[in-house]
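Listed here are the chains, written in short residue letters.
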Amino acid sequence: MFTELEELVVDNNLLGNDLRFPRLPNLHTLTLNKNQISFQTNHPALLEHLADATPSLEYLSLLGNEACPNQLVSPDKDEDDYQRYRYFVLHKLPQLKFLDTRKVTKKEVMEAQARGAFMKVVKPKSEAPPNEAGTEGQQLPYTPLPRGSRDARNHKGVFTKCRYVYYGKHSEGNRFIRNDQL
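Residues numbered from 1 in each chain as written. Predicted model: local features only at pLDDT ≥ 70, side-chain atom pairs only at ≥ 80, totals over all residues. Heavy atoms only, no water.

Named according to an unreviewed UniProt entry, the protein is Leucine-rich melanocyte differentiation-associated protein originating from Xyrichtys novacula.

Student: Residues and numbers for the nonpolar core, please.
Tutor: Membership of the largest hydrophobic core comes to 31 residues, with the highest contact counts inside it found for F21, L30, L32, F39, L60, V89 and L96. Going through the elements one at a time, α1 (45-53) and α2 (79-92) are the ones with two or more residues in this core. Here this core takes six residues from α2, the largest share from any one element. (Core = buried A, V, L, I, M, F, W, Y, C linked by side-chain atoms within 4.5 Å. Buried < 20%, exposed > 50% of the residue type's maximum accessible area, 1.4 Å probe, protein only. Helix = DSSP H or I, 4+ residues; strand = E, 2+ residues; numbered from the N terminus.)

Student: Would you mind going over the sheet that holds strand β1 (residues 7-9) in detail, with residue names and values included?
Tutor: A sheet is described by the order of its strands in space; here five strands give the open sequence β1-β2-β3-β4-β5, paired in mixed fashion. Every interior strand has two partners, whereas the edge strands, β1 and β5 (102-103), have only one. Relative to strand β2 (residues 29-31), β1 is paired through three bridges, and the arrangement is parallel. Across the sheet, L8 pairs through a bridge with L30, a residue of β2. (Pairing = 2+ DSSP bridges.)

Student: Go over the side chain of N35 with me, naming the residues and quoting the values.
Tutor: Looking at the element boundaries, N35 is found in the loop between β2 and α1. At 3.0 Å, the side chain of N35 forms a polar contact with the backbone oxygen of V10. In contact with N35, not counting residues within four places along its chain, are V10, D11, N12, N13, L14, L15, G64 and N65. (Polar contact = N/O pair within 3.5 Å; in protein donor to acceptor, adjacent residues only side chain to side chain. Contact = heavy atoms within 4.5 Å.)

Student: Go over the packing of aromatic side chains, please, and point to the residues and values.
Tutor: Applying the stated rule across the entire model yields two aromatic pairs. Between Y59 and F98, the aromatic rings sit 6.2 Å apart at their centres with planes inclined by 50 degrees, giving tilted as the arrangement. Of the two residues, Y59 is situated in strand β3 (residues 59-61) and F98 in strand β4 (residues 98-99); the sequence distance between them amounts to 39 residues. Overall, the relative accessible area of 25% leaves Y59 in the partly exposed class. Of the residues examined, F98 reaches a relative accessible area of 35% and is grouped as partly exposed. Ring geometry for Y82 and Y85: centres 5.4 Å apart, planes at 40 degrees, overall tilted. You can see Y82 and its partner Y85 sitting in helix α2, three residues apart, about one turn around the helix. (Phe/Tyr/Trp six-rings, centres within 6.5 Å; stacked < 30°, edge-to-face > 60°.)

Student: Can you explain the packing of α2 against helix α3 (residues 106-115)? Please cite residues and give values.
Tutor: The geometry of α2 relative to α3 is characterised by a closest axis approach of 8 Å and an angle of 75 degrees between their N-to-C directions. Between α2 and α3, the angle falls in the class roughly perpendicular. Taken together, the residues of α3 that come into contact with α2 (itself represented by Q83, R86, Y87, L90 and H91) are E108, E111, A112 and Q113. A per-class count over the contact of α2 with α3 returns three nonpolar, three polar and three charged. (Axes fitted to C-alpha atoms, helices over the stretch in contact; angles between N-to-C directions. Parallel < 35°, antiparallel > 145°, perpendicular 65-115°, else oblique. Nonpolar A, V, L, I, M, F, W, Y, C, P; charged D, E, K, R; others polar.)

Student: Any chance you could break down the pattern of salt bridges for me, citing the residues and the numbers?
Tutor: Scanning the model with the defined rule gives seven salt bridges in all. E108 is the salt-bridge partner of R102, the closest N and O atoms lying 3.7 Å from each other. Judged by its relative accessible area of 30%, R102 falls in the partly exposed class. In this structure, R115 and E111 form a salt bridge, with 2.8 Å as the shortest nitrogen-oxygen distance. Here R115 pairs with E111, and both are found in helix α3, just four residues apart, close to one helical turn. Owing to a relative accessible area of 44%, R115 belongs among the partly exposed residues under this scheme. One network of salt bridges, in which partners are shared, links E79, R86, R102 and E108. (Salt bridge = Lys/Arg side-chain N within 4 Å of Asp/Glu carboxyl O.)

Below is the structure:
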């Protein structure tokens with residue numbers, strides 16, 4: 001069933017860690033963006049399942065999931081968290097050539113082989129840390145996203161009308177084209 005499938009896009013489908021695929025030997029591209037996938041509660045089994053079910057997988061995208069740290073949605077995440085996530089995924093799926101939007105480097109693969117098993121990003125239990133004097137009710141650092149778009153699980157998108165109209169009268173794009181080239 002679907003043994004010749006090469007690309008599969010299942011974005012925005014509320015898929016979780018219990019996701020299972022049949023054997024897809026020719027699948028090379030899989031995008032699972034904006035679902036409900038996390039690696040918090042001993043669920044790297046999804047990555048192990050992908051390694052078994054999709055042996056030809058070269059491009060995987062998990063953007064917008066809790067498993068993929070994102071600085072725009074979670075101000076407490078940083079580039080180091082994202083890099084640890086990459087090492088962990090590459091440890092489980094070493095054949096990947098692209099992960100999310102970036103090409104996988106040889107250095108990343110070597111680091112993932114050496115330390116990837118220990119790079120799982122784990123959230124501490126949700127115990128409120130003791131507040132210092134005067135910090136009660138303080139908001140998280142600035143984020144450029146509108147209030148309704150900050151939660152990755154509750155993102156509905158933003159649509160607005162553009163106020164700028166381009167007429168092209170100040171464009172210099174055609175100044176090197178002669179009339180005989182048109």
